[in-house]
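# Survey of secondary and tertiary structure
This is what each chain is made of:
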Amino acid sequence: MRPAVPLDRASGRGSRRARFAVLSLMVALLTAGAEVAVLTTAEPARAATIGDVVPAPVSAQPASGTVYTLPAEAGIFTEAGSAQAADVGSYLAGILRPSTGYPLPVSAAGTGAPAAGISLLLTGADATVGQQGYQLDVTSASVVIRARTATGLFNGVQTLRQLLPAEVESTTVRPGPWTVPGGRIVDYPRFAYRGTMLDVARHFHPVATVKRYIDRIALYKINYLHLHLSDDQGWRIVVDAWPRLATYGGSTQVGGGAGGYYTKAQYQDIVAYAAQRQITIVPEIDMPGHTNAALASYAELNCNGVAPALYTGTDVGFSSLCTSKETTYAFVQNVLGELAAMTPGPYLHIGGDEASATSASQYATFMNRVQPLVAATGKTVMGWHQIGASAVQHSPGRVTQYWGLTTSDSLVSGAVSKGAKVVMSPADKAYLDMKYTSSTTPGQNWAGYIEVQTAYEWNPGTYLSGVPESAVLGVEAPLWTETVVTEDHIEKMAFPRLPAIAELGWSPWSTHNWAAFRQRLGAQGPRWTVMGIDFYRSPQVPWATGDQGTVRYEAENAVISRGVAESNHAGFSGTGFVNYDNAAGSYVQWTVNAAAAGPVTLRLRYANGTSTGRPMDISVNGTTAAAGVAFNGTGAWTTWQTRTLTVNLNAGTNTIRATATTSGGGPNVDYIEIQR
Ligand code: ACM
């Protein structure tokens, strides 16, 4: 048996627990107070207008009354001669085909004006979009995404996905209609690096789980996935020169389960899958601490030449590679060399945190030998912010990852003064393994509880003193897995906090607004339900899924075709109503979420200042539910009345449309209410 870890060795996460208990209690009390207020004001999320996406775009100009409806015969047209643009087109088709049932052929765009359908073009984007941004134009005839790179097109596609109804994520054919609100977005990221980390060492997570995580994080424009591939409890990647690392060092995990590891082919499969989704893998081998699995696999890596037992507990800070042995550096060189050879991304993460079993001078000796080994592979050093120790030399371009609990840190500002860049992962804001509240599971609480608002309310560009925004490469939300065992756990910890961190990384600070963010976030709920994501239903967020009781949906927030939202008549609800134009075919279309399938009462409030009827067809999910419903004169355009009818809804998201059928157009429409 390995000896018990002395308390002072269980640094970091262990020892901080007591210090943060009081803070955690305060957070819990504040959170409880907020919940009451939030619940009494809960409202359904609005149907999407073109800016209603996460992360918030730089600029969004809705075209009121304009909506694009994807027709069954639509094509996807990609920049002629660009295989990368064609790949993005195929990716988009792969998302749209299962739910729409449409063939959506992908072909080269012509040279003239963009065709009807969806175009992905590498010309003509606004000059501000840069290497990752895009411009999206939605008219009633077409959807056009323009960018300078395939990355930009891909980011535009993620925005388009979110503007389509949630059912577009379904793996089976759904009725549609497949509408996109009209207007223009010009969008690009605030920070180049927007990441998340998955710890596959504490609990091993198989390739299929990692791929699904990649699919989900792509939706929020996350572009780096950091894989924590080694720790005391497991070594998860094959190294040919040191085969027992995987076969023995990978043979268990926290709690003593079977563990596992990735073969080189599997790792390369993950890398390629991520690359198709514009995500770069950052592999981490944590050194010189957090190395018990390696030390157990090879006795010669230990200073005393004795291999310890495998470890399945959760203490930290007790293990170290032997910094005075040449074998150690041959080992590190082999490991980094093999990893670099199958990693196209620029970074090798060498850990460097919680090396409490290594003296400060041993630590500096080790890092000053290892950083040049990284550079020799052609890669750039990334490490936890302890690599900023003053005795550790600067290495060109290196990136320190801040995971502390304070807003000032001399290791970080010192490293920055020598030219380092910083990825911001403050543990009390960005750690996805912290519990949301004292009563949520799984998770830890040594850095406090992190409800959604806490994850959202900080500014990565100004967070650390001595670290100007120009030194911040970006943000990362790490998910440690001491308590995170299943894929459901991953989903519950990452959603909805990861989209909050993604918005901090992408959106301009000028858009930062919790009240607006929680609405946009709540509108993601039905999408996650369709995608099968078991997310945490934070009471801070007005989830747009499974509405209960009577819920009102304002017309001015709905999709409007050939009509205008007006606010100059008395007596309406919300901020306005919709005035149809004088033509048949104008409509207002609401997105309504139902907890269960079945009949509901639909109550439509309208005003008709004529003495003649203004009939409308009411359709649900593309099928006429009631044809030519009479909306007779109410005496004035400001005199509101309601009409009720019964309609059948599906479970989940439904599309309800009220279409004027005569040349005079429809009545003024204020809202619909769904009564259960
Ligand atoms: C860390 O949480 N030890 C980086």
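Residues numbered from 1 in each chain as written. Predicted model: local features only at pLDDT ≥ 70, side-chain atom pairs only at ≥ 80, totals over all residues. Heavy atoms only, no water.

An unreviewed UniProt entry annotates the chain as beta-N-acetylhexosaminidase of Planotetraspora phitsanulokensis. Turning to the chain, the UniProt annotation filed under Sequence similarities (unreviewed entry) states: "Belongs to the glycosyl hydrolase 20 family." (UniProt positions renumbered as here; feature names shortened; annotations may be inferred.)

This part is about the packing of helix α5 (residues 207–218) against helix α14 (residues 487–494). Where α5 meets α14, the axes come as close as 11 Å, and the angle between the chain directions of the two elements is 25 degrees. Of the possible angle classes, the one that applies to α5 and α14 is roughly parallel. Read as a crossing pair, α5 and α14 show a hand that is right-handed. Contact residues: α5 offers Thr209, Arg212, Tyr213 and Arg216, while α14 offers Glu487, Ile490, Glu491 and Ala494. By residue class, the composition of the contact of α5 with α14 is 3 nonpolar, 1 polar and 4 charged. (Axes fitted to C-alpha atoms, helices over the stretch in contact; angles between N-to-C directions. Helix = DSSP H or I, 4+ residues; strand = E, 2+ residues; numbered from the N terminus. Parallel < 35°, antiparallel > 145°, perpendicular 65-115°, else oblique. Left-handed = near helix turned anticlockwise from the far one by under 90°. Contact = heavy atoms within 4.5 Å. Nonpolar A, V, L, I, M, F, W, Y, C, P; charged D, E, K, R; others polar.)

A few words on unusual backbone geometry. In this structure, the amide linkage connecting valine 54 to the following residue, proline 55, adopts the cis form with an omega of 0 degrees. Following threonine 441, the chain continues to proline 442 via a peptide bond in cis, the omega torsion being -5 degrees. Within the secondary structure, proline 442 sits in the loop between α12 (427–430) and α13 (452–456). Although it is not a glycine, glutamine 278 adopts a positive phi angle of roughly 60 degrees. Note on placement: glutamine 278 falls in the loop between α7 (264–276) and β12 (280–287). Of note in the backbone geometry, histidine 290 takes a positive phi value of approximately 55 degrees without being a glycine. On the secondary structure map, histidine 290 appears in the loop between β12 and α8 (292–297). On the accessibility criterion, histidine 290 (1% relative accessible area) is buried. (Buried < 20%, exposed > 50% of the residue type's maximum accessible area, 1.4 Å probe, protein only.)

On to the UniProt feature "active site" (unreviewed entry) in the chain. UniProt records the feature "active site" (unreviewed entry) for Glu354 in the present numbering. When you line up the elements, glutamate 354 lands in the loop between β13 (347–351) and α10 (360–376). Given the relative accessible area of 6%, glutamate 354 is considered buried. A distance of 2.9 Å separates the side chain of glutamate 354 from the side chain of histidine 290, its partner in a polar contact. (Polar contact = N/O pair within 3.5 Å; in protein donor to acceptor, adjacent residues only side chain to side chain.)

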